Structure formats: structure tokens, C-alpha cells
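Each chain, written out:
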Amino acid sequence: GENVEQHPSTLSVQEGDSAVIKCTYSDSASNYFPWYKQELGKGPQLIIDIRSNVGEKKDQRIAVTLNKTAKHFSLHITETQPEDSAVYFCAASRRNYQLIWGAGTKLIIKP
Amino acid sequence: GAVVSQHPSWVICKSGTSVKIECRSLDFQATTMFWYRQFPKQSLMLMATSNEGSKATYEQGVEKDKFLINHASLTLSTLTVTSAHPEDSSFYICSAARDRAGELFFGEGSRLTVL
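Rules used in this analysis
- Residues numbered from 1 in each chain as written.
- Chains lettered and ligands numbered in written order.
- Predicted model: local features only at pLDDT ≥ 70, side-chain atom pairs only at ≥ 80, totals over all residues.
- Heavy atoms only, no water.
- Helix = DSSP H or I, 4+ residues; strand = E, 2+ residues; numbered from the N terminus.
- Contact = heavy atoms within 4.5 Å.
- Buried area = accessible area lost by both parts, 1.4 Å probe.
- Salt bridge = Lys/Arg side-chain N within 4 Å of Asp/Glu carboxyl O.
- Polar contact = N/O pair within 3.5 Å; in protein donor to acceptor, adjacent residues only side chain to side chain.
- Nonpolar A, V, L, I, M, F, W, Y, C, P; charged D, E, K, R; others polar.
- Pairing = 2+ DSSP bridges.
- Axes fitted to C-alpha atoms, helices over the stretch in contact; angles between N-to-C directions.
- 1 Å grid on protein atoms, 1.4 Å probe; cavity = no way out; pocket = protein on both sides within 12 Å on 5 of 7 lines; lining within 4 Å.
- Points joined across faces, edges and corners; volume = space filled by probe spheres on them.
- Disulfide = S-S within 2.5 Å.

1. Re the environment of Val114(B)
Residues and elements named next belong to chain B.
Okay, so step 1: Counting through the fold element by element, valine 114 comes out in strand β11 (residues 110–114).
Okay, so step 2: Between the C-alpha atom of valine 114 and that of serine 89, which follows or precedes it by 25 residues, the distance is 5.5 Å.
Okay, so step 3: With sequence-adjacent residues up to four places away left out, valine 114 is seen in contact with Cys13, Lys14, Ser15, Ala84, His85, Pro86, Asp88 and Ser89.

Following this line, the structure appears as C-alpha cells:
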């Protein structure tokens with residue numbers, strides 16, 4: 001069935017360094033790829049998304065890249081700050097709203 | 001961004017009682033809302049899709065008589081956990097679709113503890 005693999009499961013980076021989280025999807029018909037940030041005890045928050053007709057999208061310190069041929073997409077966070085510490089989920093969808101979720105990455109920013 | 005409000009944020013109940021959780025889209029109309037369940041350190045598990053004015057669509061393995069969903073208006077969906085048992089203790093999260101483009105906005109979640 002359709003699935004999304006997300007790596008790494010835990011990522012620890014020094015404050016100020018960059019963090020990269022990678023996802024691979026199986027359904028070649030997927031056309032929408034959101035990234036969510038979830039803080040402890042809270043619901044997920046959409047931080048950035050990309051559609052299949054775009055290869056890269058950037059919003060301040062956050063960027064997402066998409067390689068449709070390889071069925072990979074990645075989240076890049078530059079100049080990491082303590083408030084970036086959270087669990088990040090990637091997802092893929094080919095039908096409205098039907099998200100296939102990655103397993104999540106716990107990002108730890110070390111001071 | 002769009003705002004989705006979920007209430008209550010946490011609830012403790014006795015085994016055998018029923019608990020209702022509300023999900024509201026505050027600044028947009030949502031014809032479709034979703035209910036998820038999340039266990040500690042795991043991803044979100046879709047339970048059901050709630051469509052305004054029609055019956056909810058449940059995912060395989062989710063008991064529809066156990067988890068009653070009502071989507072009575074374009075801004076409100078409710079999840080009722082009936083005859084709750086300790087194994088129903090979990091973090092329940094709703095989301096609402098603002099448009100047909102696939103963008104979802106999530107509530108803050110409701111932590112249910114059944115004693």
C-alpha cells in the first residue's frame with residue numbers, strides 16, 4: 001500500500017546549524033507534500049508545503065525540496081533555534097485531504 | 001493561518017462513561033473534517049472523515065458505534081467516545097480542510113484519560 005518513510009527518527013543539531021529531514025513516498029501519483037511541526041501536547045502545525053509542479057519552496061529559515069523522479073522530499077531548517085525543537089512530520093497526498101504520514105522526526109536543538 | 005479550535009484540551013472520565021470532543025473551524029467553513037488518534041511517540045492515525053450533513057466515513061478497524069461523529073454544521077464536528085474504557089485513553093486530534101487544495105489545519109488536540 002501507499003506509505004511514506006521518514007528519516008531520521010531523531011536528529012540532534014547544535015543551535016545555529018542546519019537540520020535536514022528526508023522523506024520518501026511510494027505513490028507516484030502523490031501531488032501534495034506538507035510538513036507539520038508538533039510540539040509536546042499540541043496538535044500539528046502546518047509549517048510549509050509543496051506541490052508536485054514545484055521543485056523547491058522557501059519561507060524564511062525553512063525550505064522544502066521535491067524530487068519527483070526519485071520520489072523524495074526534504075525539509076531544511078537553517079540557523080536553528082531552541083524553539084525549533086519539536087517533532088516534525090512529513091506527509092504525502094494524491095487525493096484531497098487524504099494524507100499518508102511519515103513516522104515523525106524528533107528534532108533536538110542543543111544550546 | 002486558519003484557526004481550528006478543539007475542546008476540551010484534556011478530560012478525565014470514569015470507565016463506562018461517554019465523552020464528547022468538539023472541533024470548530026473559527027474563521028472558515030469546513031465541509032470536511034478529520035479525526036485522528038495519536039499514541040505516544042507515534043504518528044497520527046486517521047480514524048474517520050467527517051462530512052457536513054452526511055455520515056462519517058470510518059477507517060478500517062475503527063468502531064463507528066464506539067466513536068460517534070457528528071458534523072452538523074460547516075464549522076463544527078464532534079467526536080463522542082461512548083462507554084469509554086482505559087484502552088481508549090489517547091490524544092485525539094481533529095483537522096479541517098479549508099479548501100479543496102488539500103491544505104489541512106489542525107486543532108490543539110484533546111487528551112483523554114479513562115480511569
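2. A short note on the interface of chain B and chain A
Okay, so step 1: Listed by partner, the interface residues are 22 residues for chain B and 18 residues for chain A.
Okay, so step 2: Carbon and sulfur atoms make up 53% of the area that chain B and chain A hide from each other, which totals about 1600 Å².
Okay, so step 3: Viewed at the interface, chain A and chain B are joined by zero salt bridges.
Okay, so step 4: At the junction of chain B with chain A, the criterion picks out four residue pairs in polar contact (both at pLDDT 80 or more).
Okay, so step 5: The set of elements that each furnish at least two residues to the side of chain B that touches chain A consists of β4 (32–38), β5 (44–51), β9 (90–97) and β10 (104–106) of chain B.
Okay, so step 6: Along the lines of polarity and charge, the residues of the side of chain B that touches chain A split into 10 nonpolar, eight polar and four charged.

3. Describing the sheet that holds strand β7 (residues 67–73) of chain B
All names here are of chain B.
Okay, so step 1: Within the open sheet, the four strands sit side by side as β1-β3-β8-β7. Their pairing is antiparallel. Two strands lie at the open edges of the sheet, namely β1 (4–7) and β7, each paired on one side alone. The sheet shows a mean angle of 15° between the axes of neighbouring strands, direction not considered.
Okay, so step 2: Looking at chain direction, β1 and strand β3 (residues 19–25) are connected through four bridges and run antiparallel. Counted as the bridge partner of glutamine 6 is cysteine 23 from β3.

4. Examining empty space enclosed by the protein
Residues and elements named next belong to chain A.
Okay, so step 1: Applying the stated criterion across every chain, the model contains two cavities of 30 Å³ or more.
Okay, so step 2: Here the largest cavity defines a volume of roughly 80 Å³.
Okay, so step 3: As for the largest cavity, its lining consists of 13 residues, and the residues nearest its centre are Glu2, Asp27, Ser30, Ala92 and Ile100.
Okay, so step 4: Looking at the lining of the largest cavity, its residues break down into four nonpolar, five polar and four charged.
Okay, so step 5: Of the pockets and cavities examined, the second largest cavity occupies roughly 40 Å³.

5. Examining the state of the cysteines
Residues and elements named next belong to chain A.
Okay, so step 1: Inspection of every chain in the model, using the stated rule, returns two disulfides over all chains.
Okay, so step 2: Covalent S-S linkage joins cysteine 23 and cysteine 90, the inter-sulfur distance amounting to 1.9 Å. A torsion of -100° about the S-S bond marks the disulfide between cysteine 23 and cysteine 90 as left-handed. Placement of cysteine 23 in strand β3 (residues 19–25) and of cysteine 90 in strand β9 (residues 86–92) is noted, with a sequence separation of 67 residues between them.

Such coordinate-based values are descriptive only and should not be taken to indicate function.
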